[in-house]
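Single-letter residue listing:
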Amino acid sequence: MSFKLTKKPSSKKKRPLKDNAQAEILHKLGLEAYSTRQLDSASVLNINTWTLEDKPPLELKDLPNTFLRRLWLLSEDARSTCCQTRLDPFSEDGKLPEEKLSSSEENAINPLDLVTSVFISADTFLQQEITVRMMQCKFAVPLVLPNADPEKPGQFLLWPLRGVLGQWRSLDTNGREQNGNLASTPLPIISCIKLGHCSVSKSQVLNYVLTGPKSSKNIFIHKGMDGGQVPRRLSNGLVEIGWYLPTEDINRDIYQAPFVISNLRGDASNHERCLKLLCQTSSVVIIFCGDFKEKEKQLLESCKAMASKIILIDAYGTEGEENTTMGYGGQSLQKCLWLPKESVFPGSTLSEQEVANNLREILKSWVPDSLKPVTLEAAAKLALDIGLNVDESPVCAKAMATVEEILQGLDEGSVEFQQKQLPLQGHLWHKLAELDKEESKHRKSEKEAEPQLQEEKKDILAELKRYKMTPAMKIFIDALLTKDKTQRTYFLTWLKLRLQLQQTEKLNSFPESQTEKTELENLKHEANNSVDSDSFWTDSEEETEEQPVNNEGSDVVQCCKTKQEEEHLHNTENTSQHLESTPELSCSNKEQLYLEDSCEDAKALHSQSLESKTYNLGIEHFFREMGLIFELTHMSGSQNVLRLPKLAADLLLHGVPLELMDGDASNIPICWLGSIFSELNHTLRQEKLRTRVLTILGNHHSRNAVVLSGLFGVKLQEGWKRTNRGVYMAVLSLPDDCRKDLDYDLLLLIDVEGLGLASGGIETDMLTHDNMMATVAIGLSDVLLQNISPHAGKEMETTFKVMVSSLLRSKECGVVPICNLLVQDEGLECVLQASQLRHVCKMLLTENEGNVNNHYALNTSSTTFVKGPWPNMSLSETVDQQYTNDVLKLKETLFGALKRHSTKAEESDFIGRLSKVWDAVKSDSFSISLQNINTALGFSLLCTEFSQWEDGLLESMESWLMGATTKIIATKALDGTAQDALLNELKKEAQEEVKSEVHKLKSKAESYLMSEENLKRNSETFMPMLLSNMSKLQERVCEEVMQKLETINESHCSLSQIEKFETSLEREQEFKLVALVETSKSTNILLQDHELEEEFESVWKKMLSSFDFRPSESDDISSSVAEVLRQNLISRGLQKHMEKLDVIGQKQTSNFQVCDEHFGYRSRLKHMFEDNNKQQKIEAQKAANKIIEEYSKFSANKCSLAADFSGSYITELLEMIENGLREKSLEIRSAFEVDLKIHLCNAACQDFQKLHDRFGKDKELLTYISETKNKCAAEFIYKFRKRDQCQRVAQAFISMVIKPLVLAYINQPLGIHIAKEIEDKAKQYQSPHAFHQSILEDLINEDCFESFKQYLLFYEDYRLTKIHDTVVAHLADTTSLSKLKQQRLGEVVGQIAAAVSQTTEGASGVLSDTKPLLERVCLILEKDANINVERESLNGPLFSITTDWDCFVKCLIELLATMRLGLSQEFNQNVDVLEVLNDLPILPQDHLLQIVRGCDKRCPLCKAPCDKEELDHEIHSSLLHRPKGILPHDICSPFQLSSSETSKDSYGEFMMCKNLPLQDTNWSDVSDNLNSQKANNYWRYVLVRFNEKFAAEHKQELAKFPEDWTKITKEEALDGLKEVFGRKECN
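Because the structure is a prediction, the values reported are computed rather than measured.

### Here's the deal with the sheet that holds strand E17 (residues 746-753)
Working step 1: Read across the open sheet, the 7 strands follow the order E14-E16-E17-E15-E18-E19-E20; overall the sheet is mixed. This sheet does not close on itself; its edge strands, each paired only once, are strand E14 (658-662) and strand E20 (862-865). Taken pair by pair, the neighbouring strands of this sheet meet at an average axis angle of 25°, ignoring direction.
Working step 2: Across 5 bridges, the pairing between strand E15 (residues 691-698) and strand E18 (residues 783-788) is parallel.

Below you can see the structure in the form of structure tokens.
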């Protein structure tokens, strides 16, 4: 926000700015309007006072406001130029707003330019306030403001510095606290300048010099701060100063004496006036030397000539370069300028901290003894000589001269001055106050006043009315009546500062021991001895140049003597002459420059002996005198006297505080105050001002005025260092926007000063005065801020008693303000006192029936901790980091209380309230007298005890509530009758319980009152108060318990409803999920989210429509429905049917029927002969039925929504009826439409009433349910996805791992089992011989040449085929295989289920990764069941999901059962035998082959198989060798015997295997015995039988054989075969 133009014209008018840097910066900051009309304190008051939060600036134009607001809050971020950027919704990065300094020059500004701009735009009075607060924040303040035109001189700011007061303790004051004004206190000045470009941050070095290397405090703005790197546009040439103040704390102090340090911004070569000023006024000049040219060389030599001491820092170039020549022809700076070696050191090779360390060590050795002091007032005179402008204008000089004229004679002593110039507030005024009080007490007791008292009062009034205005008061009033508001402000400010200076001198000169007189005499003696001594500062200029630099003489007393010879110490004419024209600085000028204020200090010490009392004269005494002038002489006063109330009202509106009550005399000028408020009403043009009063009350050490200044920016009389006491008021007129929000026009701030201040009088009188002030202040208050300070010490208890007793008296007046507590320290004493005051306020606010804000006060009692220092306090104290936030919090609390406070109409008259309270105070018409404070302590302890009793009662009721809650929860929530009965019973029991507890409290209170003597004497006052509190406590606790019982009961019902709904919803969701998962499993289609949302929506609507909500307490909707229908009929011009609406809301027992009256006469006549209009009625009935069907759907849809009934439903229904009738071209009357609408609206009443009933008690339940809909939908989708995922992963595991495992387990032993069955069933498979015999028998019985051929040529294949055929035949006939499979299936499935169950242990009910658990299942199967599991398929991400293991196991078991069922059914079906054999890992034919295989060797000649069954036999033999001709020649062995060798044997000639050992030694010879011959009958028969086919097959000649072979029969062949194999078996 930008500043508002002040309506008050300033005496300083500036020309419009030209197009320059100043105009540009002011425009950026929104300050261009203040280039011609300056910013004043009133504008800042609007910025700061009504602001309750520290909003960050959004643009550059917000920075001045933010700077001032944060500065008034003493924030360390006040000078920050960071703006919070607005979030651009169209920006690409979309970053959140954050505080950052814009990098572009257009949107950035250096903090120094900000400070300079504000100072340029502010008037001199605001500059002073800004300076004071910047000093409080440890910020450097401007001393010389640069001119926009560099060729024109800058402005020396003296006036702002006059308001800066500091306190310090140093060695030269023996540790005593010293107070001083920055402008007038002689202090050494250490100046820092820069010549040329430097690589070192001068300002950062100065920060380290002042605060130490470990401190982060930035007194001077430097490049390392936010915005410090932005180029300066306006502040080059600015001279800033900081004030170092020691505290005598060895942990904090760096230097032992105070001094001022100045910093010239920019290159000093461009600001020669400022350079000259600093060199001539400074005790030390620190020069950062950069790149030198001829001009800089000359300036450096000039600085050497002008400055007392000089320190050079070579800060040019980079590290490693030699920089000590800088244009001096190879000579070093030290030698060229004849400087001590320690005064020159390099800077570019050192860090800023190292440079600061070197400077700090040098300055430590010089401060304070080697540095000469100078006042900034004297520096201002020198600035005029040099050509700079000084801000103190002739108007200021005139005002200051007026002040000096008023204060003539003050040096004689404040007491004497008051007696001469301010006589009305003397002993006669005090005596008059006492007489008024005595008279009021007589009136109270209804006694006539004593004649002597009345006579005495009359004499005093007569003497006071003879008063003639003193010169001081005449000048004072004339100065205030001036039309020049600027001059008046100068006058008031300087008068206040001038009196502060006098007070400061007195405080500094007061000794802290009994050696004061001795010290003073010693000081005078030293001064007299030094008058005639030689001194460097009294020599001529030539002599000065010859003297060493460190020869530091001083001629203090000579200066003092010279000044004492003047008629006036601060003659205005002399001052103005010095400011307007001063000759060139000579030796005597230098002497005066450094020493005139030291002389003033010496004179102050001398005048101290003339006054024995503490100096206590303040500007408030002049205002008090002005008020008394009007109060006592207005009836016969002059015109000027009658103008005083208007003047006072104007001063109030301009921020000048006035006295409400004279605390010294304990008297109030009622006429004077009444006239002032009358003028306020007239000035603000309001008959009756809405006024709120905020009072701050605390011990005089609590610094109430300072606290109000920190909170609201007002300037009240600060009496914590003086002995003034009184009640002061300041007025804040609210801005228009705040008046509407806060609901009042004026905020009256009341400050009680001097409470608990010991004035040397009788203690009883002091306490009486304190009680009177506190009682008046509290009695006027709407909001009371009780200020508790840790500095009160022993007076804390007394002040506490005064506060409590005053609150009690105020209550008797019918006024108890809203109380807030401000605690300035978290120490035990402060916290305990705050706690006690809070209990007292609570007691009084609760008891006060007339206070309509009791409920608010009880529930917003606030204690705020704010740790100082507050504004205008010690500059050496560090501001607490939480101070800003704590002050804003306190302001928010106070404004909240003010806003909520409602004042009765008759109480809006502030003067009326004041008169009422003052009359009561004067007459002391209180049960606790003004002298009595002891009762207050007993009452506070009683309040504390009562608070503890109350806490005990509340704890007891909380315990009772726990038991009641258990009873409520134990009942059935949805049983309305039982629930209501229990609730009523508990309410009665609660009332009795509370009543019983309160009765116990009454007994405790009575016993406590009787046990304390002070309380016992006032039991008639306190007992009704306690009883009233107990009564209200009983009512409040009863009401709270009733509400809690109802809340608990309602919560129980609601929770039960919610649980019931959630259970039902979960059940419905479970049904739906199961169905969806089954659908997904069967279809293998993945459902999309929108499909699942639709499914959930159907479940949700079903739940809402079917859920049994509690009985409703809602209203009947029939009237609302009827009204909507009425308006519809009116809009359609059907008012004639209005009487039919009476049936709306009545229960309908019949359906809608079309009747004759629904048709017009012509229509009936037209269709008369058509079966009495039957067809027309049917068409109309169909149309009506269709609309009724549409209504049913419409109603069902609306009732399924989670929303209450709305009149718009009926509007939609009526539109639907009209559209439906419009679609049909029926010849009907309007009665048909009206009757149909009434019928459906009546139905809607019944249907929608049920909907509305659900939103009676269960409206919150439905709201809660509706809010959880999205969450439930998301959970529904999530559960489905998880279950579907579980289903799919489990299915994959079953199909990829389990099913192959099961089939392998089942099929593994089947082959061997089948082979054993065949072996047991078929004997030929018991041995190789039996099998071979069986083959040969089958061949001969089959009598098939092809079979013989296969056997002879492919024996192994033929053998396998025979076995295979046997197996197939066996499988085709047997059923045992299916049973075995079923058995094996059951076994393996059981083992798998056991493994899964074993894995479930420890993983139940938790989310787990399925992959490790499935691997564990496989390991268990391998280990426990000895089943080999192929786990390669588990690799990869498919099986690695996180899910509920129980859910996964459930899916797995279900799928396992499904697999078992499927396999079982498959096993029971007729399947192809070959397919069964293909699935077997071990084939039965292979097993049988191993049994019947025998020896694999074949006869080398006839290829007959070896028939030996013994294992590892070496000689092979065959029972049946084959004859020639049965095999082809190429198969037979080439080794044949000759015919001669076989011709002798009738058989052998036809055999190939005769003499077989000769062919192969591993074979035995063929036997020649008869049995062997018979055995050969088999092959002889075969050869004879198939000789031709063998010859044809082998393509050879027919075999020749004996004739008897042809006689061999089949039976003989078989017998021979049996004989051979039978004999072999016998062998």
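We are not done yet, so read on.
### Looking at the nonpolar core
Working step 1: Phe476, Phe491, Phe622, Phe623, Met626, Phe939 and Leu1045 are the most contacted members of the largest nonpolar core, which totals 150 residues.
Working step 2: If we ignore the near neighbours within four places in the chain, the residues touching Phe622 are Ile406, Leu407, Phe417, Leu422, Met473, Phe476, Leu495 and Leu499.
Working step 3: Listed in part, the 120 residues of the second largest apolar core include Leu74, Leu182, Val374 and Leu888.

### A short note on the packing of helix H27 (residues 670-683) against helix H35 (residues 910-923)
Working step 1: Two elements in contact, H27 and H35, have axes separated by 10 Å at closest approach and are oriented at 165°. If you check the angle between H27 and H35, you find them roughly antiparallel. Handedness of the crossing formed by H27 with H35: right-handed. Side by side, H27 and H35 meet where Ile670, Leu673, Gly674 and Phe677 of the first sit next to Phe910, Ile911, Leu914, Ser915 and Trp918 of the second.
Working step 2: Its residues assigned to classes, the contact of H27 with H35 shows 7 nonpolar, 2 polar and no charged.

### Considering the environment of Ile475
Working step 1: Mapped onto the fold, Ile475 is located in helix H17 (residues 471-480).
Working step 2: For Ile475 and Glu405, which are 70 residues apart along the polypeptide, the C-alpha to C-alpha distance reads 8.0 Å.
Working step 3: In this structure Ile475 touches Thr402, Glu405 and Ile406, once residues within four positions along its chain are discounted.

### Thoughts on unusual backbone geometry
Working step 1: Phi at Glu248 takes a positive value of approximately 65°, unusual for a residue other than glycine.
Working step 2: Within the secondary structure layout, Glu248 lies in the loop between strand E8 (239-244) and strand E9 (259-264).
Working step 3: Here the phi dihedral of Arg703 falls at roughly 60°; this positive angle occurs in a residue that is not glycine.

### Topic: the pattern of salt bridges
Working step 1: For the coordinates displayed, the defined rule picks out 50 salt bridges.
Working step 2: Here Glu1218 makes a salt bridge to Arg1132, at a shortest N to O gap of 3.7 Å. Of this pair, Glu1218 sits in helix H44 (residues 1207-1223) while Arg1132 sits in the loop between helix H41 (1118-1131) and helix H42 (1161-1166), and the two are 86 residues apart along the sequence.
Working step 3: On the basis of relative accessibility, which here comes to 39%, the residue Arg1132 falls in the partly exposed class.
Working step 4: The salt bridge involving Arg1493 is made with Asp1496; its shortest N-O contact spans 3.0 Å.
Working step 5: Within this structure, Asp436, Glu439, Arg443 and Lys457 form a network of salt bridges that share partners.

About the cut-offs
- Residues numbered from 1 in each chain as written.
- Predicted model: local features only at pLDDT ≥ 70, side-chain atom pairs only at ≥ 80, totals over all residues.
- Heavy atoms only, no water.
- Pairing = 2+ DSSP bridges.
- Helix = DSSP H or I, 4+ residues; strand = E, 2+ residues; numbered from the N terminus.
- Axes fitted to C-alpha atoms, helices over the stretch in contact; angles between N-to-C directions.
- Core = buried A, V, L, I, M, F, W, Y, C linked by side-chain atoms within 4.5 Å.
- Buried < 20%, exposed > 50% of the residue type's maximum accessible area, 1.4 Å probe, protein only.
- Contact = heavy atoms within 4.5 Å.
- Parallel < 35°, antiparallel > 145°, perpendicular 65-115°, else oblique.
- Left-handed = near helix turned anticlockwise from the far one by under 90°.
- Nonpolar A, V, L, I, M, F, W, Y, C, P; charged D, E, K, R; others polar.
- Salt bridge = Lys/Arg side-chain N within 4 Å of Asp/Glu carboxyl O.

Everything listed here is a matter of coordinates, which is why it stays silent on function.
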